Amino acid sequence: MQDTKKSISIIQEKNSDKRNIMKIMNRKIKIILCLFLFIWGYTQDSNAIKKVQEEYKKYYNTYIQNISNNGTFIIQNHANEYGKNEDFLYNTHTKEYTSIPKGSDYHFIKEDYLLIEINGGVLCKNLKTSENKTYSGFILKKIDMDRELFILYAPKEKMLQCLSLKGNIIWQKKDVLLMDASHKEFVLFMEGDKLVKKDILKATEFTSPSLMDTPVWAKIYGNEVWIYAQREKGKGSLLQLNDKLQKVKESRLSLPEGYILASRPQSGLEIREQRYLMVPLIREKTIKSNPHGVQISYTLRNESFPVTQLGIYDTFLQEWAWQPRLQKGFEVSYFMNNKGDFIVYSPSEDNIENQGNLLVNMTLMRNYGKEQHSLGEMYSNRSNYYWDEGTETFIYFKERKWWRKKLGEKEEHELMKGYSDVWNEPKYNGLTEAPIQPILKTNDPSKIIISGAFDLYLMDLKTLKINQLTNGEKDNIQYEVISEPRDNNSFWEIKSRFVDIRNGVHLRMFNIRNYHSGLALLEPNLKLKTIIYGQYNFFRFIKTEEEVFGLSQSYEKPLEVYKLKYKNPPKVFQSSSFSNPHSFKLDLFTYSTPYKTSNAVLLYPKDYNPSVKYPMIVKVYEDTSKSILSPSVADLRSGDGFNYHHYVRQGYFVLLPQLQYASQQVAERYILSLEESVKTALTKASIDKDKLAVIGMSFGGYEAALAMSNTSLFRTGSIGVMISDLITFGFSYNNMLPNPNYERVENGQNSMLKSPFEDWENYVKQSPLYNIPKINQPILLWVGMDDKNVLPFQTKAYFSGLKRMGKEAVLLEYPNEGHYLKQPKNNDDLSIRTWQWMEHFLKGKEAAEWMKSK
């Protein structure tokens, strides 16, 4: 009996061993099978990704670097995210491309020569013979008189030379230190301890006696040469020389107490009226006894960094006509003209630093500081004010209107009263108190151009008569002057735009509803003539000496270059770097809320089939609808992980809405407009309403997070470098600006107007972090760990909140990356993971391994 039991036991053990072996074998087979399936699936993903990237490498953007005078030659750059970055010379007559070195700048000399500045040197290309010559140095100037010459200076070799386009050396100077090349006939340089003034064309020169002090600046004014030399800290000498560089006068000056010469004085030193020396000063740092290196800050003091301040030295009286007045804080000074009138104000008045456009007490100084006129409180943005010395009228922008005030009078007058146009910059709900455009000065004394949201107005400040130059508002067409900057090299003067109304003015046209664009000409008689207008996207105009060229490109349409001098302008170039544009469709439509009507763009999947339901991704960031007007091509290597060209090629709709906002109600108004734009899009095409996603970064990340909390539209979302908590964000610094972020929160995109202490509940309501409990869908997060704009803790805090509440989310952290990913490997990684995320949650594909939490 015992033997029988023993035999049974042995058999059972053997059977058990067999079963265990079978279990182990089955487990191994399953593991091998799973491993095979995983490898097979991974290979399939890798192959799909590789195939897509190989296709995208064929596409590239064409950028126009320069165009020759009559349009015979075009310098083009062909570039994409996959390493392509080449420059070409294109002949519009022969249609031939010639590869050229990549330069930092390009200069056409008529249609005969091309100068390319490259790697500290210059390549001169004969466009008729294709002969190339290279020279060391950078181009100081081109001389277009009887002969075509150019001046080069090589800092390392300290060599200055004048060359003909054929390569002949007209003259050459070695071992010299360049001082001034701004004069059209002469160039100044130091040769040893002597200053040399050389005639560019005649090659003759004058030499000064030996200089005792070291010159830091020298410049030709009329028939005189002025030199400022640094003697020792706080001491300087000013020499006045005649046209033959013989000394006329020498002044010794001490800088104002507590100030030293700015680190780059060459840009700020300037003589006006052969008498007044403008001196760039900066407060001397005083070293306090502090053995531990502790930095001390004060709540009741503006801690902003000081700026270069103005000093004016009167060389006649040999005394300071104007010098910084403040013992604490600092002043900002800008000349309003070249006649000695300047404004001055102190940013230090803003102790709490909550305004980007400071409201400060502004003073107008006249005659180089001899007269002082208080202007009262003005906004400090340079585009906010304009001074007309002819009528002694100060024009300024506040309360979203233009105003004028005569000097010495208290009464102020609204400048454009009775006109329906909008004058304020609409960004951030108009909170910036900035105009659409600054006042444009014309070559007609006391006549200025004022820009509205749509139209342009010419105002005579002597008669106060207003002439409306355009009438675009009724047709939704915005007009903008294509003006040239004034010929002004002054460091101190506000760089104003100048309009030559006597010779005609070119205007850019843009329709805010259908995005058509064009070019118009305001003729010398002030009659408006449309040159071209229609289904173009002229994103840039290039003016040469003889022609105006328009560059047009939009979504899945190639770059086109038109010569725009006359009606029915010829097309001189069209890029070929695009797939079949007929495979792509878009719908530019409007949607409405109770507050306003806005635009949105719906991009259709490639080769769209209306009998198929497609998923849709909504890209948010203020107004993404106009992104279709920016030159771009498909890639899977985007710094924000999203390229809409890629997704329409992979079977997705993409919605790009123009969103709506209201001060103190950004979240509510934004959500309302987002929902209405999506609902309208759903009526347009075959979109699967259960397979929608929202994507955004930075402020768009803030918006995407609000959408995930406050609407049930979206199956998932992708959020990058976000602002999650307005309270902590407002009281933190972004490591890029000297002031705290509450200026951005209160008066920027978030438009909160008040501090958290005044509106705590609303701050909580407008912050995605405190809306986390309402989230029910998975979220992909990403952040650059060296982001100095929106610090990474904002995104990580949001992730921690999701984790604490048991919500599904994945966070991608990219080391050594900032607010926008720049490293190709990281761009690849983020783009691929975002694609895999959308493929899983919107198309039901197997989740990639990195997405699985278990």
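Residues numbered from 1 in each chain as written. Predicted model: local features only at pLDDT ≥ 70, side-chain atom pairs only at ≥ 80, totals over all residues. Heavy atoms only, no water.

### What about helix α4 (residues 699-710)?
Inclusion rule: In DSSP terms, a helix is any run of H or I states spanning at least four residues, a strand is any run of E spanning at least two, and both are numbered starting from the N terminus. One fewer than the residue count of a helix, multiplied by 1.5 Å, yields its expected span. The buried label goes to any residue with under 20% of its type's maximum accessible area, the exposed label to any with over 50%, and the partly exposed label to all in between, with areas taken from a 1.4 Å probe on protein chains only. Should any heavy atoms of two residues lie within 4.5 Å, those residues are counted as being in contact.
Between the first and last C-alpha of α4 there are 16 Å, a value that for 12 residues agrees with the 16 Å anticipated at 1.5 Å per step. In terms of residue burial, α4 counts as a mostly covered element, since 11 of its 12 residues are buried. Among the residues of α4, F699, G700, G701, Y702, E703, A704, A705, L706, A707, M708 and S709 are the ones counted as buried. Against the buried residues of α4 lie α3 (666-682), β52 (687-697), β53 (716-720), α5 (726-730), β54 (779-784) and α8 (793-804).

### Digging into the environment of G748
Considering the arrangement of structural elements, one finds G748 in the loop between α6 (742-747) and α7 (760-765). Judged by its relative accessible area of 6%, G748 is buried. Residues G748 and K370, spaced 378 residues apart in sequence, show a C-alpha to C-alpha distance of 39 Å. Setting aside anything within four residues of it in sequence, one finds G748 in contact with Y428 and E743.

### Quick word on the environment of N537
Definition in use: Counted as a polar contact is a pair of N or O atoms within 3.5 Å, where, for protein atoms, one must be capable of donating a hydrogen and the other of accepting one, and residues adjacent in sequence contribute only when both atoms are in side chains.
Tracing the backbone through its elements, the reader meets N537 in the loop between β43 (528-534) and β44 (538-543). Put simply, N537 and L461 are 76 residues apart on the chain and 36 Å apart in space, counted from C-alpha to C-alpha. Each residue touching N537, except ones within four places of it in the same chain, is listed here: S517, L551, S552, Q553, S554 and L629. In this structure the side chain of N537 is engaged in a polar contact, spanning 2.7 Å, whose partner is the backbone oxygen of L629.

### Some details on the pairing of strand β55 (residues 809-814)
Heads up, the rule is: Strand pairing is assigned whenever DSSP detects at least two bridges linking the two strands. Throughout, right-handed denotes a crossover for which the path from the first strand over the helix to the second runs clockwise when the strands point away from the viewer.
Where burial is concerned, most of β55 is hidden: five out of the six residues are buried. Alignment of β54 against β55, held across six bridges, turns out to be parallel. Its bridge partner lying in β55, I779 is registered against A809. For the crossover from β54 across α8 to β55, the handedness is right-handed.

### As for the sheet that holds strand β42 (residues 517-522)
The condition is simple: Working convention: axes come from line fits to C-alpha atoms, limited for helices to the stretch in contact. Angles between N-to-C directions cover 0 to 180 degrees.
The antiparallel open sheet is built from four strands, whose spatial order is β38-β41-β42-β43. The open sheet has two edge strands, β38 (477-481) and β43, and neither has a second partner. Along the sheet, successive strands turn relative to each other by an average axial angle of 25°, direction set aside. In this structure, strand β41 (residues 505-511) lies alongside β42, joined through six bridges in antiparallel fashion. Bridge pairing links L507 to A520 in β42.

### Side note on the side chain of K125
The condition that has to hold: We treat Lys and Arg as the positive residues and Asp and Glu as the negative residues; His and chain ends play no part in the count. Whenever a carboxyl oxygen of Asp or Glu lies within 4 Å of a side-chain nitrogen of Lys or Arg, that contact is scored as a salt bridge.
Checked against the element boundaries, K125 lands in strand β7 (residues 121-126). Of the side chains bearing the opposite charge, E131 lies closest to the buried K125, which forms no salt bridge; the N-O distance is 10 Å. If sequence neighbours within four positions are ignored, K125 has contacts with L89, T98, I100, D112, Y113, L114, S130, E131 and N132.

### Some details on the pattern of salt bridges
Inspection of the entire model under this criterion finds 40 salt bridges. The salt bridge partner of K233 is E284, with a shortest N-O separation of 2.8 Å. Pair noted here: K233 is in the loop between β18 (224-232) and β19 (235-241) and E284 is in the loop between β23 (276-283) and β24 (309-314), with a separation of 51 residues, a long-range link. We classify E284 as partly exposed; its relative accessible area is 28%. Two residues, K843 and E839, come together in a salt bridge whose shortest N-O distance is 3.5 Å. You can see K843 and its partner E839 sitting in helix α9 (residues 824-843), four residues apart, about one turn around the helix. With relative accessibility at 9%, the residue E839 sits in the buried group. One salt-bridge network, held together by shared partners, links D213, R231, K247, E250 and R252.

### So, the packing of α3 against α4
Put simply, the test is: Under this scheme an angle from 65 to 115 degrees is roughly perpendicular, one under 35 degrees roughly parallel, and one over 145 degrees roughly antiparallel; angles in between are oblique. Note on residue categories: nonpolar means Ala, Val, Leu, Ile, Met, Phe, Trp, Tyr, Cys or Pro, charged means Asp, Glu, Lys or Arg, and polar means any other residue, Gly included.
Axis separation between α3 and α4 bottoms out at 10 Å; the angle between their running directions is 75°. Here α4 runs roughly perpendicular to α3, going by the angle between their axes. Contacts between α3 and α4 involve V666, A667, Y670, I671, L674 and E675 on the former and, on the latter, F699, Y702, E703, A704, L706, A707 and N710. Of the residues contributing to the contact of α3 with α4, the split by class is 10 nonpolar, one polar and two charged.

### As for the packing of aromatic side chains
Selection criterion: Any two of the Phe, Tyr and Trp rings considered here, Trp counted by its six-membered ring, make a pair once their centres fall within 6.5 Å; the pair's planes then place it as stacked at under 30 degrees, edge-to-face at over 60, or tilted in between. Whether a charge sits over a ring depends on NZ of Lys or CZ of Arg being within 6 Å of the ring centre and within 35 degrees of the ring normal.
This model, assessed by the stated rule, comprises 42 aromatic pairs. Taking the centre distance of 6.5 Å and the plane angle of 5° together, the rings of Y661 and Y670 count as stacked. Aromatic side chains W837 and F841 sit 4.7 Å apart centroid to centroid with 50° between the ring planes, which places their arrangement in the tilted category. Of the two residues, W837 and F841 are both situated in helix α9; the distance of four residues between them amounts to about one turn of the helix. Overall, W837 belongs to the buried group, its relative accessible area being 1%. One cation-aromatic arrangement involves R833 over W850; the distance from NZ or CZ to the ring centre is 5.1 Å.

### Describing the sheet that holds strand β2 (residues 73-79)
The four strands are arranged β1-β2-β3-β4 in an open sheet whose pairing can be described as antiparallel. Among the strands making up the open sheet, the edge pair consists of β1 (61-67) and β4 (96-100). Ignoring strand direction, the axes of neighbouring strands in this sheet form an average angle of 30°. Looking at chain direction, β2 and strand β3 (residues 85-91) are connected through seven bridges and run antiparallel. Bridge assignment links H78 to a residue of β3, and that residue is E86.

### Section: the confidence of the model for the protein chain
Let me state the cut-off plainly: The pLDDT value expresses, per residue, how confident the predictor is, ranging between 0 and 100.
Looking at the protein chain, the pLDDT average stands at 89 and 91% of residues meet or exceed 70. Predicted confidence for residues 1-14 stays below pLDDT 50, and this span has one contact to residues more than four positions away or in other chains.

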